[in-house]
Amino acid sequence: MHNMRIGLAFNPFPEAYARGEGNTDKYAEFDSMDTINTIKEAIQSGGHEVVLIEADDKAYEKLRDSKLDFVFNMAEGYHGESRESHIPAMLEMLRIPYTGSGILTLAIGLDKARTKEILSYNKIPTPKFQLFKSSDEPLKKGMKFPLIVKPNSEGSSKGITEKSLVKNQEELRRRVDFINKNYNEPAIAEEFLDGREFTVSLIGNPPEAMPIVELAFDKLPPGVPRFDCYEVKWVWDSPGSEIEMVFCPAKIGKKLEDRIKKMAIDAFNALDCLDFGRVDIRLDSKGVPNVIEVNPIPGLMPDPKENSRFPKSCYAAGMTYSEMILRMLGSAMQRVKNTKIKQIEGVNQG
Ligand SMILES: Nc1ncnc2c1ncn2[C@@H]1O[C@H](COP(=O)(O)OP(=O)(O)OP(=O)(O)O)[C@@H](O)[C@H]1O
Ligand SMILES: [Mg+2]
């Protein structure tokens, strides 16, 4: 499987905007060219040729004309609630195999409410929730404050600030309104879990769990929110910060470790994720793990000081960054090779 021509699909973060500076969170999901170039070098170290493909409105022509054998898909997409599935949809039209989850999983993964419906159906614990298209909608019976209010279809803690944690109807309405207007999408309100928070990186088919990462909010100064809001993610937990709050492997007993890893694998499977992914998990007040969300395309910032969750757990498992990328790619190539009913052939093509 060497010497393939591999497209690396991505959306670049405009370097003019520093993350976390509070000016805009519009680009927070995208990758820096530093990350993309490091992924490129990692793929090249596996003996492959790499073609960079920006996932913009010329992407289809570029994918069609670049004579690609495979695509490493990092594209978060530019427009719409199903934006993460745009590149995979083009690739399936072109019959080019790619890394990671398929179209449906990527579209659902960006919809926190749909993801939670699937988790619930599969009896995987997840906080109670309600979706709000407008702030006039009454709160369902049985939903208990405090609630956390988030945009339903964003990642990278976009739209999540200290104001997201609401203690009463008035705060709830104000925050729902803010999300509806600023992000032009429904807000999801969830019961707030105040226990320890973990995230689990998974690689392979079936997935193998890497060492668990803990986000230790108790290490933050008083007054800073006890959840991974935009400020915590991009300021308190950034390379310049003096505070260490992300630990791997998490210091937990074997029983809880096994329970969390199994829950992450169950969530990965319930969403039909492929090759790799990251599952965010938090304990409730009784110490019971709950799945907060599933990330089929996890962030992959290479600098260990960034504490990017997925690489951090792979480093703890003894991998270098290149080994991590080649293992992600290798899982995808192996899957495509083993798939009897080839997903990329299309059922109606005889
Ligand atoms: N129901 C909840 N109870 C407690 N904390 C929560 C809850 N939902 C979200 N949080 C906190 O907010 C953070 C961000 O939420 P979430 O993971 O849903 O958003 P995201 O922006 O999609 O994150 P990512 O950067 O992983 O894509 C979580 O890591 C957690 O700290
Ligand atoms: Mg998350």
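Here, every reference points to the structure presented above.
Novice: Teacher, can you tell me more about the coordination of the magnesium ion (ligand 2) here?
Specialist: Coordination of the magnesium ion (ligand 2) by the protein is provided by Asp-280 (OD) and Glu-293 (OE), with metal-donor distances spanning 2.0 Å. One end of the pair, Asp-280, is in strand E12 (residues 276-283); the other, Glu-293, is in strand E13 (residues 289-295), and 13 residues separate them in sequence.

Novice: Is there a simple way to explain the pattern of salt bridges in this structure?
Specialist: A side chain with one charge can pair with a side chain of the opposite charge if their charged atoms come near. Across all of its chains, the model carries 25 salt bridges by this definition. Put simply, Lys-112 and Glu-293 hold a salt bridge, and the shortest N to O gap is 3.0 Å. With a gap of 181 residues between them, Lys-112 in helix H5 (residues 112-121) and Glu-293 in strand E13 connect regions that are remote in the sequence. A salt bridge links Glu-117 to Arg-114, with the nearest nitrogen and oxygen atoms 2.7 Å apart. Separated by three residues within a single helix, Glu-117 and Arg-114 lie in helix H5, roughly one turn from each other. Sharing partners across several salt bridges, the network here consists of Glu-29, Arg-83, Glu-154 and Lys-158.

Novice: Please clarify how the site of ligand 1 should be interpreted in this entry.
Specialist: Taken together, 24 residues are adjacent to ligand 1, and Lys-112, Ser-157, Glu-190, Glu-197 and Lys-233 come closest. Between ligand 1 and Asp-280, the relevant distance is 3.2 Å, taken from an oxygen atom to a side-chain nitrogen or oxygen of the residue. Within the side chain of Asn-295, a nitrogen or oxygen atom sits 3.3 Å from an oxygen atom of ligand 1. When ligand 1 sits alone it has 610 Å² of accessible area, and the protein chains cover 95% of it. Contributing elements (two or more residues each) for the shell around ligand 1: strand E5 (147-151), strand E7 (187-191), E12 and E13.

Novice: I keep staring at the environment of Val-246 and nothing clicks. Help me out?
Specialist: Relative to the assigned elements, Val-246 resides in strand E11 (residues 246-247). Overall, Val-246 belongs to the buried group, its relative accessible area being 1%. Each residue touching Val-246, except ones within four places of it in the same chain, is listed here: Val-213, Glu-214, Leu-215, Asp-237, Asn-307, Arg-309 and Lys-312.

Novice: How should the environment of Ile-43 be read in this particular structure?
Specialist: Mapped onto the elements, Ile-43 comes out in helix H1 (residues 33-45). Overall, the relative accessible area of 0% leaves Ile-43 in the buried class. Along the sequence, Ile-43 and Arg-173 sit 130 residues apart, while their C-alpha atoms lie 47 Å from each other. Look past the residues within four positions of Ile-43 in its chain and what remains in contact with it is Ile-6, His-48, Val-50, Phe-72, Ile-325, Leu-326 and Leu-329.

Novice: What exactly am I supposed to notice about the sheet that holds E7 here?
Specialist: Within a sheet, each strand pairs with its neighbour through backbone hydrogen bonds, oriented either parallel or antiparallel. Spatial strand order, E4-E7-E5-E6: four strands in an open sheet with antiparallel pairing. For this open sheet the edge positions go to strand E4 (129-132) and strand E6 (165-166), each flanked by a neighbour on one side alone. Bridge analysis of E4 against E7 gives four bridges, and the strand direction is antiparallel. Looking at the pairing, Leu-131 lines up with Ile-188 of E7.

Novice: Help me understand a negative patch on the surface, please; the structure alone is not making it clear to me.
Specialist: Together, Glu-15, Asp-34, Glu-41 and Asp-303 give the surface a local cluster of negative charge. Checked against the element boundaries, Glu-15 lands in the loop between strand E1 (5-10) and H1.

Novice: Sorry if this is basic, but what is going on with the packing of H1 against helix H10 (residues 321-338) here?
Specialist: Helices that pack against each other are described as a pair by the angle of their axes relative to one another and the distance between those axes. Between H1 and H10, the shortest axis-to-axis distance is 8 Å and the interhelical angle comes to 70°. In this view, H1 runs roughly perpendicular relative to H10, as classed from their interaxial angle. Of the residues in H10, those in contact with Thr-35, Thr-38, Ile-39, Ala-42, Ile-43 and Ser-45 of H1 are Tyr-321, Ser-322, Ile-325, Leu-326 and Leu-329.

Quick notes on the rules
Residues numbered from 1 in each chain as written. Chains lettered and ligands numbered in written order. Predicted model: local features only at pLDDT ≥ 70, side-chain atom pairs only at ≥ 80, totals over all residues. Heavy atoms only, no water. Donors = N, O, S within 2.8 Å, 3.2 Å for Na, K, Ca; no water. Helix = DSSP H or I, 4+ residues; strand = E, 2+ residues; numbered from the N terminus. Salt bridge = Lys/Arg side-chain N within 4 Å of Asp/Glu carboxyl O. Near = heavy atom within 4 Å. Polar contact = N/O pair within 3.5 Å; in protein donor to acceptor, adjacent residues only side chain to side chain. Areas by Shrake-Rupley, 256 points an atom, 1.4 Å probe, with all protein chains shown as cover. Buried < 20%, exposed > 50% of the residue type's maximum accessible area, 1.4 Å probe, protein only. Contact = heavy atoms within 4.5 Å. Pairing = 2+ DSSP bridges. Patch = residues over 30% accessible without salt bridge, like charges linked within 9 Å, V, L, I, M, F, W, Y side chains within 5 Å. Lys, Arg positive; Asp, Glu negative; His and termini not counted. Charge placed at Lys NZ, Arg CZ, Asp CG, Glu CD. Axes fitted to C-alpha atoms, helices over the stretch in contact; angles between N-to-C directions. Parallel < 35°, antiparallel > 145°, perpendicular 65-115°, else oblique.

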